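Residue strings, one per chain:
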Amino acid sequence: MTIPLDSAVTLQSLLASGELSAVDVARSVLERAAATESTVAAFTYRPDERLLEQAEAIDRRRREGQPLGPLAGIPVAVKDVLCTTDMPTTCSSRMLENFRSPYDATVVAQLRAADALLVGKTNMDEFAMGASTENSAFGLTRNPWASTCTPGGSSGGAAAAVAASVVPLSVGSDTGGSIRQPAAFCGVTGLKPTYGRVSRYGLVAFASSLDQVGPLAWDVADNALLLSHLAGFDPRDSTSLDAPVEDYLAAVSPAATADLKGLRIGLIREHVDHQRLAAPARQAVLDAVGVLTAAGAEVVDVHFDQTKYWVPTYYIIAPCEASSNLSRYDGAHYGFRAQPAAEAAQQHGPLTATYCQSRDQGFGAEVKRRIMLGTYSLSEGYADRYYAKALQVRRLIRDDYDAAFGKVDLLLGPVTPGPAFPLGEKVDDPLEMYLCDQFTVGANLAGIPAISLPAGHDENNLPLGVQLQAPPLGEAALLRAGTVFQNATDHHRRRPQL
Ligand code: GLN
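Focus: the overall build of the protein
So, step 1. Looking only at helices and strands, the protein features 18 helices and 11 strands.
So, step 2. Over its C-alpha atoms the protein spans a radius of gyration of 22 Å, differing by no more than 12% from the 23 Å that the globule rule assigns to 498 residues.
So, step 3. Taking the principal axes of the C-alpha coordinates as reference, the protein spans close to 70 × 55 × 45 Å.
So, step 4. Residues classed as buried in the protein amount to 59% of the 498 residues present.
So, step 5. Of the roughly 18600 Å² of accessible surface on the protein, a fraction of 51% belongs to carbon and sulfur atoms.
So, step 6. The positive charge centre, built from 42 side chains, and the negative charge centre, built from 55, are 2 Å apart in the protein.

Focus on the packing of helix 11 (residues 307-325) against helix 14 (residues 365-378)
So, step 1. Look at helix 11 against helix 14: their axes get within 7 Å of each other, and the N-to-C directions meet at 100°. As judged from the angle between their axes, helix 11 and helix 14 are roughly perpendicular. Only Arg 370, Ile 371, Leu 373, Gly 374, Thr 375, Ser 377 and Leu 378 of helix 14 make contact with helix 11, whose side of the interface consists of Tyr 315, Ile 316, Pro 319, Cys 320 and Ser 323.
So, step 2. Residue composition of the contact of helix 11 with helix 14, grouped by class: seven nonpolar, four polar and one charged.

Overview of helix 7 (residues 220-230)
Because each turn of an α-helix spans 3.6 residues, side chains separated by three or four positions end up pointing in the same direction.
So, step 1. Most of helix 7 is tucked away: nine of the 11 residues are buried.
So, step 2. Immediately beyond the C-terminal end of helix 7, within one or two residues, lies Gly 232, with a positive phi of roughly 140°.

Focus on the pattern of salt bridges
Side-chain pairs of opposite charge can arise whenever the charged atoms involved come near each other.
So, step 1. Applying the stated criterion across every chain, the model contains 22 salt bridges.
So, step 2. Glu 425 serves as the salt-bridge partner of Lys 426, at 3.2 Å between the closest nitrogen and oxygen.
So, step 3. Taking the shortest distance from any N to any O, the salt bridge between Glu 432 and Lys 426 comes out at 3.8 Å.
So, step 4. Its relative accessible area of 24% is what places Glu 432 among the partly exposed residues.

Observations regarding the sheet that holds strand 3 (residues 117-122)
So, step 1. In spatial order, the strands read 1-3-2-4-6-5-10-11-9-7-8; together these 11 strands make up an open sheet with mixed pairing. Strands with a single pairing partner mark the edges of an open sheet, and in this sheet they are strand 1 (43-45) and strand 8 (298-302). Ignoring strand direction, the axes of neighbouring strands in this sheet form an average angle of 30°.
So, step 2. Here seven bridges tie strand 10 (residues 450-457) to strand 11 (residues 463-469), and the two strands are oriented antiparallel to one another. Bridged to Ile 451 within strand 11 is Leu 468.
So, step 3. On the sheet, helix 5 (residues 156-163) packs against strand 1, strand 3, strand 4 (169-174) and strand 6 (212-217) and is oriented at approximately 155° with respect to strand 4.

So, empty space enclosed by the protein
So, step 1. Counted according to the given criterion, the structure contains three cavities of 30 Å³ or more.
So, step 2. Looking at the largest cavity, its volume works out to about 70 Å³.
So, step 3. What lines the largest cavity is a set of 14 residues, and nearest its centre among them are Ala 128, Gly 130, Ser 178, Tyr 314 and Asp 437.
So, step 4. In the lining of the largest cavity, the residues fall into six nonpolar, six polar and two charged.

Digging into the site of the ligand
So, step 1. Taken together, 15 residues lie near the ligand, and Thr 175, Gly 176, Ser 178, Tyr 314 and Arg 370 sit nearest.
So, step 2. Ala 128 has a polar backbone atom sitting 2.8 Å from a nitrogen atom of the ligand.
So, step 3. The contact in question runs from an oxygen atom of the ligand to an N or O atom on the side chain of Tyr 315, over 3.3 Å.
So, step 4. Among the cavities detected, the one that contains the ligand is the largest cavity.
So, step 5. The class makeup of the residues in the shell around the ligand is six nonpolar, six polar and three charged.

Some words on the layout of surface pockets
So, step 1. Considered as a void within the structure, the largest pocket measures approximately 340 Å³ in volume.
So, step 2. Lining the largest pocket are 20 residues, with Tyr 103, Leu 203, Val 204, Ala 205 and Arg 328 sitting closest to its centre.
So, step 3. Taken together, the residues of the lining of the largest pocket break down into 11 nonpolar, five polar and four charged.

Notes on the environment of Ser 21
So, step 1. Among the structural elements, Ser 21 can be located in the loop between helix 1 (8-16) and helix 2 (22-40).
So, step 2. Taking relative accessible area as the criterion, Ser 21 reaches 21% and is therefore assigned partly exposed.
So, step 3. Expressed as a C-alpha distance, the spacing of Ser 21 and Glu 56, which sit 35 residues apart in the sequence, is 8.7 Å.
So, step 4. Excluding anything up to four places from it in sequence, Ser 21 contacts Leu 15 and Asp 59.

Here's the deal with the packing of aromatic side chains
Aromatic rings considered in pairs are described by the distance between their centres and by the relative angle of their planes.
So, step 1. Under the definition given, this model contains 16 aromatic pairs.
So, step 2. Between Tyr 329 and Phe 363, the aromatic rings sit 6.2 Å apart at their centres with planes inclined by 90°, giving edge-to-face as the arrangement. Of the two residues, Tyr 329 sits in the loop between helix 11 and helix 12 (342-348) while Phe 363 sits in the loop between helix 13 (350-362) and helix 14, which places them 34 residues apart along the sequence.
So, step 3. Exposure remark for Phe 363: the relative accessible area of 5% places this residue in the buried category.
So, step 4. Ring geometry for Tyr 382 against Tyr 386: centres 6.2 Å apart, planes inclined by 25°, an arrangement best described as stacked.
So, step 5. Its relative accessible area of 29% is what places Tyr 382 among the partly exposed residues.
So, step 6. Classification of Tyr 386 by relative accessible area gives partly exposed; the value is 28%.
So, step 7. The ring of Phe 421 has Lys 426 sitting right over it, with the charged end atom 4.7 Å from the ring centre.

Description of the pairing of strand 2 (residues 75-79)
So, step 1. Most of strand 2 is tucked away: five of the five residues are buried.
So, step 2. Burial along strand 2 is two-sided: the residues Pro 75, Ala 77 and Lys 79 and Val 76 and Val 78 are all buried.
So, step 3. Strand direction decides the pairing type here: strand 2 and strand 3, joined by five bridges, are parallel. Residue pairing for strand 3: Pro 75 is matched across the bridge by Leu 117.

Re the pairing of strand 9 (residues 410-414)
So, step 1. Of all the five residues making up strand 9, five are buried; the element is thus mostly covered by neighbouring parts of the structure.
So, step 2. Direction of pairing for strand 7 (residues 264-268) relative to strand 9: parallel, over a ladder of three bridges. In the sheet register, Ile 265 faces strand 9, and the bridge partner there is Leu 410.
So, step 3. Pairing of strand 9 with strand 11, which is carried by four bridges, proceeds in the antiparallel orientation. Each bridged residue has a counterpart across the sheet, and for Leu 412 the counterpart in strand 11 is Leu 468.

Rules and cut-offs
Residues numbered from 1 in each chain as written. Predicted model: local features only at pLDDT ≥ 70, side-chain atom pairs only at ≥ 80, totals over all residues. Heavy atoms only, no water. Helix = DSSP H or I, 4+ residues; strand = E, 2+ residues; numbered from the N terminus. Rg over C-alpha atoms; globule rule 2.2 N^0.38 Å. Buried < 20%, exposed > 50% of the residue type's maximum accessible area, 1.4 Å probe, protein only. Areas by Shrake-Rupley, 256 points an atom, 1.4 Å probe, with all protein chains shown as cover. Lys, Arg positive; Asp, Glu negative; His and termini not counted. Charge placed at Lys NZ, Arg CZ, Asp CG, Glu CD. Axes fitted to C-alpha atoms, helices over the stretch in contact; angles between N-to-C directions. Parallel < 35°, antiparallel > 145°, perpendicular 65-115°, else oblique. Contact = heavy atoms within 4.5 Å. Nonpolar A, V, L, I, M, F, W, Y, C, P; charged D, E, K, R; others polar. Salt bridge = Lys/Arg side-chain N within 4 Å of Asp/Glu carboxyl O. Pairing = 2+ DSSP bridges. 1 Å grid on protein atoms, 1.4 Å probe; cavity = no way out; pocket = protein on both sides within 12 Å on 5 of 7 lines; lining within 4 Å. Points joined across faces, edges and corners; volume = space filled by probe spheres on them. Near = heavy atom within 4 Å. Polar contact = N/O pair within 3.5 Å; in protein donor to acceptor, adjacent residues only side chain to side chain. Sits in = over half its atoms within 2 Å of the grid points. Phe/Tyr/Trp six-rings, centres within 6.5 Å; stacked < 30°, edge-to-face > 60°. Lys NZ or Arg CZ within 6 Å of the ring centre and 35° of its normal.

Quick look at the structure:
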């Protein structure tokens, strides 16, 4: 029997009925990883022996009739920005190369409590800064659809691990698009939850007012399954929302997803008409309009006044927060510590020299760029002009969303300007790289949930995505509409030849 490593829902029923054991699943994960990782390199760390031990323990407990968690035996990969006690947490940075967290992130603890098989940690842009995973200190990850292309980023490894069918589920983080953009590039489904819906405890901070943890998987049903185990109030995260978690599995059930009658969807005109949107990506959005309309939704145009300020606003606020969050990596508290050269120690004093050289050697170029941008934007005399101004514009961007959600239930638009781009194409052009985020950062600035759905393939067989966005805590609505979309399409069923 071929083991369906591309569907957690299917694995769940095969495991529950006893047709498959957790060890069968774990072995198949290891075989698949052995076959694909030399090309894709989605993982920074895989404790392969312990995977079999985890699986044996689950099978033993099942035989003994002990209670098992709902994800028992389901393989899950975790982006290397989430703290794990039994695996390194590097954020794909030299700075944390040898870091072991003394605690698990809440989402990791929740996965363990559900008896998921933790397959390993996935590659990412250093400290989640980037859109191609090329900023990793530990090497490239390749797109499973085309090995010359990037998988996107920063959760590139998480998306590629799913697209290579090594794991059915992975956990990513999204500060400006880092779940949705790699999901689109890798032809899988990824959801950024409402700010505060999923705990950030143990998520290494990039930009704390924007960061959210969320699921990636081939389809919406698997996203719903994983999200139901990630979401919830966490007293250890001061921005966690103490609101009831909706029944995400009910939202994707046949009873809820017969059609979309009565649903109003706004098409973001400024994005669909954007001159930087490639024709096939635009066509994918227009095709989605047809699918959603046929399912009974009413699609109307909506206008966002501030879209041209999304990227500038994000690239002030995110670096400001990053420069503050990353000040903790000083060579003294934790992380990499340089041995300062005698000359530098003499000139600046040993402490300053240690700080400077640890940060100089521990951080990569993009992280340094963000620290400089953020420090500058927060510095005396400039903070009002940049940071304070960006916060004001952020308010206006939220106002645009509020106005739109006064008229429609969901928003539809593109995820990325085009399909996955070749490795190396944008590494020397940070501005081009930043513009990859122009359709995604709005949801982070406004704190709302958004999902990226596979929506077609271009002439090179590279995946294309569409994005649905919802008002705060509208995850169930996104999952429901996404399921109706996937019931009517087969883009999420296509698999790369690997
Ligand atoms: N590409 C964006 C950036 O570089 C978003 C990254 C993210 O969401 N973590 O900041």
